[in-house]
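The chain contents come next:
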Amino acid sequence: MYKKFLVLSLGGLLTLGSVNSLSAAAHFSSVPIKHNAAAKDLIGRWDITMDEDGKSVPSWLEVKLSGYSTLTGYFVAGSGSARPIAKVNFNDGKFNFTIPPQWEKGDQDLVIEGELNGSEIHGTLTTSEGKKYNWKGVKAPYLKRTSAVVWAKPIELFNGKDLTGWKALGENQWVVKNGVLTSPHSGANLISDQKFTDFKLHVEFKYQKGSNSGVYLRGRYEVQIEDSPKDTHPSSVLFSGIYGFLSPNEIAALGPDKWQVFDITLIGRMVTVVANGKTVISNQEIPGITGGALNSNEGEPGPVYFQGDHGPIEFRKIIITPVK
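Residues numbered from 1 in each chain as written. Predicted model: local features only at pLDDT ≥ 70, side-chain atom pairs only at ≥ 80, totals over all residues. Heavy atoms only, no water.

(A) Expanded view of the environment of Ala77. Here Ala77 shows up in the loop between strand 3 (70-76) and strand 4 (83-91). For Ala77, a relative accessible area of 6% puts it in the buried group. Note: C-alpha distance between Ala77 and Val57 (20 residues apart in sequence) is 8.6 Å. Dropping the residues within four chain positions of it, Ala77 is found in contact with Pro58, Ser59, Arg83 and Glu104. (Helix = DSSP H or I, 4+ residues; strand = E, 2+ residues; numbered from the N terminus. Buried < 20%, exposed > 50% of the residue type's maximum accessible area, 1.4 Å probe, protein only. Contact = heavy atoms within 4.5 Å.)

This is how it looks when you write it as C-alpha cells:
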C-alpha cells in the first residue's frame, strides 16, 4: 500500500506541476507539465556555493516529497548541521523556505529564495542578521561505485617530526611535540596537501575534557570528535557521528586525556566508522556535505582535514590507504 501511494504521489508531481506561492496555501495547481518548471525537478540533492562578499562558502540542499504534494527537505548553511525544512514553497520554477538560526549571531530566520533553471538552481540567502548573499547550485553526484575495491599501499600522512605535508588555514598554532601533532588551543584548521577519493583512514587522537574537534573526509564530511559521556544517547553531533547526518549506534568514547582510534572507510558516499574497535556506523550513506566543509564539489577528491578551532586536540598516527 505504501509503495502504491508513493507512486501516486510522484505521479501527482509529474502531472500537477507547481506549488502555489508563499502567501497562499502550498498545494498543487492544475497547471500541466509543459509549464516552465515542475516541482519534481527540484526534488533531490543540490551542491551549493554561496558568494559571501567575494568569498566562496559551500552549502547544500535536499528537497523531498512528503505525502502527495508537500515539499520538505534539509539545508546545510556555511556552518552548523543539516537543518530540517518544514516546507518548501514552489511556484512557476521559483521556490523559497525559511529555517531558524542555529550558530548564527542574529535572531531572525534565514530566508532562502531560489529559481530552478534546467539542471541548475540559483538565488539568494538572507541571513539572521539581514545580510543577503547570492548562491548557485548543481545536482549533487550519486558517487555510486560499481567496480570492486582494490587497495593501494598505506601512506603515513604524518611523519612524527614536523608539519611536512600539511598546511594551516589561517595563523598556525599546530606544533609537533614528542612525535605528537598538537593544537594547544583554538586556532586554524589543518589540511593535508594530498587529496584522496576513496580510502581507509586510521587516526589516533586525544582530547582534553570538554574539547571538540573533527576529522573531515575529502574535506567535506566531518566525523565528530567530542568529549561525549558514554551514557549519553547517541547523536549525529556527538562522538563518532557524521556531523548532522549519521548517528553512531553507541558512544564508544574512552573519555578525555586518553588515546583513542578511528578507523574510517569511505567508498563513494558509503561510510563505515570503527571507534575504539567498535563498529558504530556500518556502510551508511552520507547525504551531503557537513558544516565547515572546504567546498561543495562532491565529485572531486579532497584532503584530510582536522578541526583546530574548537579547543585543544592531539593526533599521532595518521595512516591512509587509498583505492587504486
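Moving on, there is more to tell.
(B) Expanded view of the layout of surface pockets. When its volume is computed, the largest pocket comes out at roughly 870 Å³. Together, 35 residues line the largest pocket, and Ala77, Gly78, Ser79, Gly80 and Gly292 are the ones closest to its centre. Of the residues forming the lining of the largest pocket, the biggest block, four residues, is contributed by strand 2 (residues 55-66). Its residues assigned to classes, the lining of the largest pocket comprises 13 nonpolar, 13 polar and nine charged. In this structure, the second largest pocket occupies an estimated 160 Å³ of space. Here the residues of the lining of the second largest pocket sort into four nonpolar, one polar and four charged. (1 Å grid on protein atoms, 1.4 Å probe; cavity = no way out; pocket = protein on both sides within 12 Å on 5 of 7 lines; lining within 4 Å. Points joined across faces, edges and corners; volume = space filled by probe spheres on them. Nonpolar A, V, L, I, M, F, W, Y, C, P; charged D, E, K, R; others polar.)

(C) Main features of unusual backbone geometry. Even without being glycine, Ser240 reaches a positive phi, approximately 75°. Within the secondary structure, Ser240 is located in the loop between strand 16 (221-226) and strand 17 (260-267). Positive phi, normally seen in glycine, also occurs at Asp257, with a value near 65°.

(D) Layout of the sheet that holds strand 20 (residues 305-306). Strand order in the open sheet made by the five strands is 10-13-20-15-16, with antiparallel pairing throughout. Across the chains shown, the open sheet's two edge strands, defined by having one partner strand only, are strand 10 (166-169) and strand 16. (Pairing = 2+ DSSP bridges.)

(E) Molecular detail of the sheet that holds strand 8 (residues 132-139). The strand order 1-2-3-4-5-6-7-8 describes a closed barrel built from eight strands, whose pairing is antiparallel. Strand-to-strand twist in this sheet, taken as the mean axis angle between neighbours without regard to direction, amounts to 30°. One ladder, built from six bridges, connects strand 5 (residues 94-99) with strand 6 (residues 110-117); its direction is antiparallel. Residue pairing in the sheet places Phe97 in a bridge with Ile112 of strand 6. (Axes fitted to C-alpha atoms, helices over the stretch in contact; angles between N-to-C directions.)

Function cannot be read off these values alone, since they describe shape.
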